[in-house]
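# Structure at a glance
Here are the chains, one letter per residue:
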Amino acid sequence: MNKRRAILRSKIEPSPEQKNKILGFLEDRYDDPFEIVWHEDETLRHGFVLRVGSEVYDWSAMGRIEQLQEQIEQLVLEDDNVISLLRDTVHNWSPRVFSKERGIVERIGDGIATVIGLENVTYGEILLFTGGIRGLVLDIRREEVGCILFGEDTQIAEGSSVYRTMRTAGIPVSQHVLGRVVNAIGAPIDEKGEITAGNHYPIEKAAPTILDRQPVFKPLETGILAIDSMFPIGRGQRELIIGDRQTGKTAIALDTILNQKGKNVICIYVAIGQKASSVARLVEGLRKHNAMDYTVVVCATASDSAALQYIAPYAGTAIGEYFMDLGKDVLMVYDDLSKHAVAYRSISLLLERSPGREAYPGDVFYLHSRLLERSCQLSEEKGGGSITALPIVETQAGDISAYIPTNIISITDGQIFLESELFFAGQRPAINAGLSVSRVGGAAQTQAIKSASGTFRLDLAQYREMEIFTQFASDLDDVTKRQLVYGQGLMQMLRQSQSSPLRRNEQVIMLLVALNKKLLDVPISEIRSKMKKIIEYIETKAPYIVAEIETKGLLSKEDRDRILELASEYIDPASAKRKV
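In short, a report on the structure. The shown structure was predicted, so the numbers you read here are calculated from the model rather than taken from an experiment.

What follows concerns the overall build of the protein. Tallying secondary structure elements over the protein gives 19 helices and 20 strands in all. Evaluated residue by residue, the protein yields a buried proportion of 49% over its 580 residues. In the protein, 73% of the contacts between residues at least 6 apart in sequence involve partners at least 24 apart. With an accessible surface of roughly 27,900 Å², the protein has 51% of that area assigned to carbon and sulfur atoms. Here the protein holds 68 positive side-chain charges and 78 negative ones, and the gap between their average locations is 5 Å.

What follows is the structure, encoded as structure tokens:
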């Protein structure tokens, strides 16, 4: 029978008795006969290192110190009361016999390392390189594995040792992360000190099963009239924000974050591939409106490596899952997944994977589906928490049929399409009502908004169709002219300043007044100012109606009639007096 070979390195050659003990250990562990080949190693003053294939049993002094260090690190992650545990651990600790699988770097460059000799490594496992640099396994082949590096590769060279950690990538999470700006591996980058970690969450995690979910039914209001009235978003929904560059996609996401103030929603903004200056301005804007108190910013800028840009959205989702598991509602903004796909394409090409359509790898759909499927409304048995996802995707020249946009449209529960022509015409937010949709619909609307919105979307569609048709007509009848004025008034009402989300009662009043054509005789340029004064008048005259809408989301027929009566009274006081 052929014997397996075990390589033993030590300063002094072991005695026959010591060799027999080692052979007994190996044969018990592997059920195979072994022969030991000894190599002298002057660097090992105490103990020895035994290698069997790719597995290493490090019984040297340094190896035992590393064991103790790893055990202490694990204690720090698992328990807040570390000091007393450390004393007990150091006092009672004794080294254990365990294998440490070691590989060798075959090629290194562009943030990618190719490693040989790791026979049992798993996909998604963290590897430890020279200098403490960590890498993530993303490619497994018959003779080698490819991994991305989370750090500078200047300390790593061909022939360097690589060790398995038996752990998947994770991120430290706790309540202390609120109000902070962190990088893709959870380290703070806002110069406010370290973040106390209460737990460790894996960045890659299976999505909750169908039985662990419940239907989307609670509204997550954006404060943007066009969205809340026509394309409502529910807690646990995934609503795509899509449009060309510089059309207001990020502005919609930020207004939604601002509107969550006081509503017990944790917001997580993931910046992928953006300029550091842009992220700094965004954070300053959130601080200015006191929104950082309930917000976490996860940042992987354009200057960061493709590896960090790749894991950033998964890391942000892990933070969101921590709060969701506590029964909280979470809003996730991924800005944007187009750059995320580009980063993954770069990694895949460097890993020598076969390119497909637009040079993306074949699993680029799975890249985003496994990310967005983690957003859901959990069942009450699982705590009732939720993650609502607002992924952002950039199109080129309004082409929503490109590869990445169509992939994400098919994954999400609807999309808000921002049109360049509307944006440049001064319509902000530039939402195209025809191409936008929410597949949850009225299920995620309050009764008040649903009752007030009525035929809003239909009226807008009729106006847009009539507007195109009348471009070719010179003589219009009075009915058509009046319909055009009414449509122009609706479009004017939908214009909304950035960082000015509307309260629920303001939206209800605006919809009722506009859809009942109370402002037909008001000049288009004065509609917004007139509407603001009408809202203030109704809030003063009927505060009980405002409270009912705000707290309960209800609008009775009597309250509806009263709002319209007060609006008419403000617009035409003389007419109201004649009725009295």
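Within the secondary structure, Gly 243 is located in strand E14 (residues 240-243). Taking C-alpha positions, Gly 243 is 6.4 Å from Gly 398, a pair spaced 155 residues apart along the chain. With residues up to four places along the chain from it excluded, the contact list for Gly 243 reads Lys 249, Val 393, Glu 394, Thr 395 and Leu 418.

A separate point is the sheet that holds strand E19 (residues 414-418). The strands that make up a sheet pair up through hydrogen bonds in the backbone, lying either parallel or antiparallel. The strand order across the open sheet built from eight strands is E12-E16-E15-E17-E18-E14-E19-E20, with neighbouring strands paired in mixed fashion. Edge strands, defined here as strands with exactly one partner in the open sheet, are strand E12 (181-182) and strand E20 (437-438). Across three bridges, the pairing between E14 and strand E18 (residues 386-394) is parallel. Pairing of Ile 241 across the sheet is with Ile 392, part of E18. Where helix H5 (residues 249-258) meets the sheet, its contacts fall on E14, strand E15 (265-272), strand E16 (295-300), strand E17 (329-335), E18 and E19, and the angle it forms with E18 comes to roughly 160°. Relative to the sheet, helix H10 (residues 403-411) contacts E14, E18 and E19, its axis offset from that of E14 by approximately 155°.

Of all hydrophobic cores here, the largest spans 77 residues; its most connected members are Ile 257, Leu 286, Phe 456 and Met 493. The residues contacting Phe 456, other than those within four sequence positions of it, are Ser 229, Met 230, Leu 490, Met 493, Leu 494, Leu 511 and Leu 515. Residues Ile 112, Val 296, Leu 367 and Cys 376 belong to the second largest nonpolar core, which totals 60 residues.

Glancing now at helix H8 (residues 337-350). Under the 1.5 Å per step criterion, the end-to-end length of H8 is 20 Å for 14 residues, consistent within 8% with the ideal 20 Å. Residues Leu 337, Ser 338, His 340, Ala 341, Ala 343, Tyr 344, Ile 347 and Ser 348 constitute the buried set of H8.

Let us look at the environment of Ser 420. The topology assignment puts Ser 420 in helix H11 (residues 420-424). Between the alpha carbons of Ser 420 and Gly 234 there is a distance of 27 Å; along the sequence they are 186 residues apart. The contacts of Ser 420, once residues within four sequence positions are left out, are Asp 244 and Thr 247.

Once that is clear, we can look at the packing of helix H15 (residues 504-515) against helix H16 (residues 527-541). Packing of H15 against H16 brings their axes to within 10 Å, and their N-to-C directions diverge by 115°. You can see that H15 and H16 cross each other, and the crossing is right-handed. Residue-level contacts link Asn 505, Glu 506, Ile 509, Met 510, Val 513 and Ala 514 of H15 to Met 531, Ile 534, Ile 535, Ile 538 and Glu 539 of H16. Taken together, the residues that form the contact of H15 with H16 break down as eight nonpolar, one polar and two charged.

The rules behind these values
- Residues numbered from 1 in each chain as written.
- Predicted model: local features only at pLDDT ≥ 70, side-chain atom pairs only at ≥ 80, totals over all residues.
- Heavy atoms only, no water.
- Helix = DSSP H or I, 4+ residues; strand = E, 2+ residues; numbered from the N terminus.
- Buried < 20%, exposed > 50% of the residue type's maximum accessible area, 1.4 Å probe, protein only.
- Contact = heavy atoms within 4.5 Å.
- Areas by Shrake-Rupley, 256 points an atom, 1.4 Å probe, with all protein chains shown as cover.
- Lys, Arg positive; Asp, Glu negative; His and termini not counted.
- Charge placed at Lys NZ, Arg CZ, Asp CG, Glu CD.
- Pairing = 2+ DSSP bridges.
- Axes fitted to C-alpha atoms, helices over the stretch in contact; angles between N-to-C directions.
- Core = buried A, V, L, I, M, F, W, Y, C linked by side-chain atoms within 4.5 Å.
- Expected span 1.5 Å × (residues − 1).
- Left-handed = near helix turned anticlockwise from the far one by under 90°.
- Nonpolar A, V, L, I, M, F, W, Y, C, P; charged D, E, K, R; others polar.

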